[in-house]
Amino acid sequence: MEDTKRIYISPGHGGGHGKRVGRITEDNIVLGVSLILKHLLEEQGGYDVMLARDGDYYVSLSSRVKESKKFKADLFLAIHANSHSYPDKNNSIFGFEAFIHDELSDSRDNIFVAHLLSAYGAEFEDKPLMRNRGKKENNFYLLRQRPAKANVLFELNFMTNPMVLSFMNSSLGQFRMSKGLFEGIKTYTNKLKKKA
Ligand SMILES: [Zn+2]
């Protein structure tokens, strides 16, 4: 199908490389969200989805970039769970944010990230702990390599906040986080399809 959009989803880390709070790992949270997101996109139709990993094993950043470029991805979405190292602030720091490259980003990255942040925020209007910390810019390797036409790294929320963590680790939480990202991808790609 000509209209099909290719989405490369990159669940961060794997194989114990991500953050860990108690027995809960970032590797598994972002994998859970990514698997549901892939399912939602495929169920919707019009998307060809590739996952950087579908289990708890490590995949290097360079092979993710290579794979996404070979796939000719329209969208590259890296999914992570945030943390910080100020234990006295665990309860006061929370919320989601998303990164684009600080120098190489273009209008597509900017529009993609805006759609993701607003759809994810809309999914969680009832949940003050899921607050929107907004768009950030950084020189992350994955974003610098431009693996797709539009490239975003999304931080779902902070694992260091105990209430957030239990939500992020629950099936309902993971479904709703995926749903928010799905709606963002859908509104952005619908816009692309209209233009084409
Ligand atoms: Zn991470």
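In short, a report on the structure. (Residues numbered from 1 in each chain as written. Predicted model: local features only at pLDDT ≥ 70, side-chain atom pairs only at ≥ 80, totals over all residues.)

### Structural notes on the packing of helix 3 (residues 107–123) against helix 6 (residues 171–195)
For clarity, the cut-off: Fitting a line to C-alpha atoms yields each axis, with helices limited to the stretch in contact; the angle taken between N-to-C directions then spans 0 to 180 degrees. The numbering of helices and of strands both runs from the N terminus, where a helix is a DSSP run of H or I of at least 4 residues and a strand a run of E of at least 2. Roughly parallel means an angle under 35 degrees; roughly antiparallel means over 145; roughly perpendicular covers 65 to 115; every other angle is labelled oblique. In this scheme the handedness of a crossing depends on how the near helix is turned from the far one: anticlockwise by less than a right angle means left-handed, clockwise means right-handed. Here, residues touch in the contact sense if the C-beta positions derived from the backbone fall within 7 Å of one another. Residue classes follow a fixed rule: Ala, Val, Leu, Ile, Met, Phe, Trp, Tyr, Cys and Pro count as nonpolar, while Asp, Glu, Lys and Arg count as charged, and any other residue, Gly among them, counts as polar.
At a closest axis distance of 7 Å, the pairing of helix 3 and helix 6 adopts a crossing angle of 140°. In terms of orientation, helix 3 and helix 6 fall into the oblique class. In terms of crossing hand, the pair formed by helix 3 and helix 6 is right-handed. Contacts from I111, F112, H115, L116, A119, Y120 and E123 of helix 3 reach helix 6 at R176, K179, G180, L181, E183, G184, T187 and Y188. Looking at the contact of helix 3 with helix 6, its residues break down into 7 nonpolar, 4 polar and 4 charged.

### Considering helix 2 (residues 61–71)
For an α-helix, 3.6 residues make a turn, and residues three or four places apart therefore share a direction. For the record, the criterion: Each residue is classified by how many other C-beta atoms fall within 10 Å of its C-beta atom, where C-beta atoms are placed from the backbone; a count of 20 or more means buried, 12 or fewer means exposed, and values in between mean partly exposed. Read the arc as the range of directions from the helix axis to the C-beta atoms.
Looking only at helix 2, the buried set comprises R64, V65 and S68. Angular distribution of buried residues about the axis of helix 2 spans 100°; they occupy a single face of the element. Those residues of helix 2 that are exposed and angled more than 90 degrees off the buried face are S62, S63 and K70. Elements that come into contact with the buried residues of helix 2 comprise strand 1 (5–11), strand 5 (75–82) and helix 4 (141–144). A positive backbone phi angle near 55° is found at K72, which sits one or two residues after helix 2.

### A closer look at the pairing of strand 8 (residues 150–158)
Applicable threshold: A pair of strands is considered paired only if DSSP assigns at least 2 bridges between the two.
Most of strand 8 sits inside the fold, with 9 of its 9 residues counted as buried. Pairing of strand 5 with strand 8, which is carried by 7 bridges, proceeds in the parallel orientation. Across the sheet, the residue bridging to H80 is E155, located in strand 8. Judged from the 3 bridges that link them, strand 6 (residues 96–101) and strand 8 form a sheet pairing that is antiparallel. In the sheet register, E97 faces strand 8, and the bridge partner there is E155.

### Things to note about the pairing of strand 7 (residues 132–138)
Here strand 6 runs beside strand 7; their pairing, made up of 5 bridges, is parallel. Bridge pairing in strand 7 links H101 to N138.

### Here we look at the nonpolar core
Stated formally: Joined through C-beta atoms within 7 Å, a set of buried Ala, Val, Leu, Ile, Met, Phe, Trp, Tyr and Cys residues constitutes a nonpolar core.
Counting residues in hydrophobic clusters, the biggest one holds 50 residues, and the most contacted among them are I7, L75, L77, L116, V152 and F154. Those residues in contact with L116 that sit more than four places away from it in its chain are A98, V152, F154, L181 and G184.

### As for the packing of helix 1 (residues 26–44) against helix 6
One way to put it is that helix 1 packs onto helix 6 with a least axis distance of 8 Å and a crossing angle of 45°. In terms of their interaxial angle, helix 1 and helix 6 are classed as oblique. Where helix 1 crosses over helix 6, the two elements pack in a sense that is right-handed. Across the interface between the two elements, G32, V33, I36, L37, L40, L41 and Q44 of helix 1 pack against Q174, F175, M177, S178, K179, L181, F182, I185 and K186 of helix 6.

### Description of helix 1
To keep things clear, this is the line we draw: In this scheme, a helix's expected span is set at 1.5 Å multiplied by one less than its residue total.
Given a rise of 1.5 Å per residue, 19 residues ought to cover 27 Å, and the 27 Å separating the end C-alpha atoms of helix 1 matches this to within 8%. Every buried residue belonging to helix 1 is among E26, D27, N28, I29, V30, L31, G32, V33, S34, L37, K38 and L41, and all of these are buried. At the exit of helix 1 stands G45, carrying a positive phi of roughly 85°.

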